Amino acid sequence: MSPIIEAQDLGREFTVSSGRPLRRVRRTVTAVRDVTFSVASGEIVGYLGPNGAGKSTTMKMLTGILRPSRGRLRVTGLEPSRQRTRLAGRIGVVFGQRTTLWWDLPLRDSLALTRHLYRVPAADHARRLAELTELLELGPFLATPVRQLSLGQRMRGDLTAALLHAPRLLVLDEPTIGLDVVSKSTIREFLLRLNSEQGTTILLTTHDLGDVERLCRRVMVIDHGRLAFDGDLSALRATAPSPRTLIVDLTAPAPPIEVAGATATRVEGPRQWLELSANPAEVIAAVSATHRIADLMLREPEIEDVVARLYRRERTASLGKDG
Ligand SMILES: Nc1ncnc2c1ncn2[C@@H]1O[C@H](COP(=O)(O)OP(=O)(O)OP(=O)(O)O)[C@@H](O)[C@H]1O
């Protein structure tokens, strides 16, 4: 079967001008450069990278909002920027920070309107709406105006709107941003079911490592517009291991803690940051044997940490080669 997404040497530049009028300086910013990848039907792929890396620009090209400056792009066999209307019938798009729902209408009416946008036959729409209402538990707030929904409820509504026309590809930009733990989990479990039961291909950007761990069998990392990694999460972790951090509040300031399996990387008054190379429970036991602890916090590595390490490693390797 042909891939759902095919990108070959994809690039996008922007011309930006700065400075005072009459003394404006124009320069070219390359947001995406020479990106090549393909996504097969049924995959869930995380598209990761630090702020300003080029994720949104790629997403906008994939959905036909932006025309690539160079390269070849096909999504479900169509050229997005030229065949945007046809493509809209085959893909669903949700940008976590924006809503496509009508603010003043009850959710039910907003969802009814999307039927006309996508020209979905009434019977298909009704069947699909019933399915999604059950899966995403929309029932209790279908009659509520969108502006009164919580962020998690609105996201469930947005996902429903994006899926009523049964798209083959779902493109998500930060689908869990700002959501509490329970809402995040509802969305993640729903996406997994959608993928396994209906075979929907999913491409998502996220800064949330939990999304990646739960959802993505494959991750692509973009930085400074270039594709830096394409593989599974464990391979990324192995390439750029990022330890967890234990934040310890002691009852009084103390010199950097020295225990097996941890390195103190920062000390601020009674608070210390320990980078862990051993099981947190062992480290906590060792610290509490020698210090009086007021509070503890375990911080998982952020995607940014993993990517930053990947980059430091690559830069060191290339400096080594050049030198
Ligand atoms: N319309 C535009 N005009 C000029 N420069 C732009 C435009 N859109 C994006 N850029 C630049 O292109 C680069 C990539 O931006 P992009 O929004 O794709 O990054 P991102 O990975 O989505 O970041 P974030 O995680 O912050 O959303 C940045 O340097 C950004 O300033």
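To keep things clear, this report deals only with the structure shown in the data block. Predicted model, so just to flag it, every value in this text is computed and none were measured.

**Section: the overall build of the protein chain**
Then, number 1: The secondary structure content of the protein chain amounts to ten helices and 14 strands.
Then, number 2: Across its three principal directions, the C-alpha atoms of the protein chain cover 70 × 55 × 50 Å.
Then, number 3: Put simply, of all contacts in the protein chain between residues at least 6 apart along the chain, 67% involve residues at least 24 apart.

**Observations concerning the site of the ligand**
Then, number 1: All residues in the neighbourhood of the ligand are listed as Phe 14, Val 16, Val 29, Ala 31, Gly 49, Asn 51, Gly 52, Ala 53, Gly 54, Lys 55, Ser 56 and Thr 57.
Then, number 2: In terms of residues, the shell around the ligand owes the most to one element, helix H1 (residues 55–62), which gives three residues.
Then, number 3: Residues of the shell around the ligand, tallied by class, amount to five nonpolar, six polar and one charged.

**Topic: the environment of His 224**
Then, number 1: Among the structural elements, His 224 can be located in the loop between strand E8 (218–223) and strand E9 (226–231).
Then, number 2: C-alpha separation for the pair His 224 and Gly 49, spaced 175 residues apart in sequence, amounts to 8.8 Å.

**Concerning the sheet that holds strand E4 (residues 70–75)**
Then, number 1: On the basis of which strands lie adjacent, the open sheet formed by three strands has the order E2-E1-E4 and antiparallel pairing. Across the chains shown, the open sheet's two edge strands, defined by having one partner strand only, are strand E2 (25–39) and E4. When the angles between neighbouring strand axes are averaged without regard to direction, this sheet yields 30°.
Then, number 2: Here eleven bridges tie strand E1 (residues 5–18) to E2, and the two strands are oriented antiparallel to one another. When the bridges of E2 are listed, Arg 12 appears paired with Val 32.

**Quick notes on the environment of Leu 296**
Then, number 1: Mapping Leu 296 onto the fold places it in strand E14 (residues 293–299).
Then, number 2: What makes Leu 296 partly exposed here is the crowd of 15 C-beta atoms within 10 Å.
Then, number 3: Taking C-alpha positions, Leu 296 is 9.5 Å from Arg 271, a pair spaced 25 residues apart along the chain.
Then, number 4: Here Leu 296 is in contact with Leu 246, Val 248 and Ile 284, once residues within four sequence places are set aside.

How each quantity is defined
Residues numbered from 1 in each chain as written. Predicted model: local features only at pLDDT ≥ 70, side-chain atom pairs only at ≥ 80, totals over all residues. Helix = DSSP H or I, 4+ residues; strand = E, 2+ residues; numbered from the N terminus. Contact = placed C-beta atoms within 7 Å. Near = placed C-beta within 6 Å. Nonpolar A, V, L, I, M, F, W, Y, C, P; charged D, E, K, R; others polar. Pairing = 2+ DSSP bridges. Axes fitted to C-alpha atoms, helices over the stretch in contact; angles between N-to-C directions. Buried ≥ 20, exposed ≤ 12 C-beta atoms within 10 Å, placed from the backbone.

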